[in-house]
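Observations on the model geometry
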Amino acid sequence: MKCWRRKAGGGAALPCESCHGANSQGVGVIPPLAGRSPTYLVRELILFRTGQRNGTATLPMQQEVSKMSVHDMIAAAAYAAARRP
């Protein structure tokens, strides 16, 4: 498993900051990730990946999670959860 690097992205995925803002605190309608439950974050990533979260607003996340392994999702969620909201 590669270490998840939020600023550099994980593998082919974009860094979370590119959409979720500095320190993953959210931008406009794009929700914050910082300080959220890691279990919640992983569950949401899986829902994006399986298409259970869908619609035009979810398309960017569906594309990003298609590039992430489950290990990447867990590592990204752990990192975001540890950030100060």
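Our structure is the block above this text.
Let me begin by describing the structure that accompanies this report. (Residues numbered from 1 in each chain as written. Predicted model: local features only at pLDDT ≥ 70, side-chain atom pairs only at ≥ 80, totals over all residues. Heavy atoms only, no water.)

**A few points about the overall build of the protein chain**
- Looking only at helices and strands, one finds four helices and zero strands in the protein chain.
- Its helices and strands taken in sequence order, the protein chain reads α-α-α-α from the N to the C terminus.
- Residues classed as buried in the protein chain amount to 32% of the 85 residues present.
- For the protein chain, the proportion of contacts with a sequence separation of at least 24, taken over those separated by at least 6, is 46%. (Helix = DSSP H or I, 4+ residues; strand = E, 2+ residues; numbered from the N terminus. Buried < 20%, exposed > 50% of the residue type's maximum accessible area, 1.4 Å probe, protein only. Contact = heavy atoms within 4.5 Å.)

**Concerning the pattern of salt bridges**
- Using the criterion set out here, one finds two salt bridges in the structure.
- Between E44 and R53 there is a salt bridge whose closest N-O contact spans 2.3 Å.
- Residue classification places E44 among the buried residues on the basis of a relative accessible area of 12%.
- Among the residues examined, R53 registers a relative accessible area of 32% and is labelled partly exposed.
- Put simply, K67 and E64 hold a salt bridge, and the shortest N to O gap is 3.5 Å. (Salt bridge = Lys/Arg side-chain N within 4 Å of Asp/Glu carboxyl O.)

**A word on the state of the cysteines**
- If you walk through the whole model with that rule in mind, you get zero disulfides.
- You can see C16 has no disulfide; the closest cysteine sulfur is in C19, sitting 9.0 Å from it.
- Look at C16 and you get buried, because its relative accessible area is 18%. (Disulfide = S-S within 2.5 Å.)

**So, unusual backbone geometry**
- The residue N23 is not glycine, and still its phi comes out positive at about 60 degrees.
- When you line up the elements, N23 lands in the loop between α1 (17-20) and α2 (38-50).

**Quick look at the nonpolar core**
- Among the nonpolar cores identified, the biggest contains seven residues, and these are A13, L45, F48, V65, M68, M73 and A76.
- For this core, the secondary-structure elements that each account for two or more residues are α2 and α4 (70-82).
- Listed in part, the six residues of the second largest apolar core include C16, L41, V42 and A77. (Core = buried A, V, L, I, M, F, W, Y, C linked by side-chain atoms within 4.5 Å.)

By themselves, these observations are geometric and do not establish any function.
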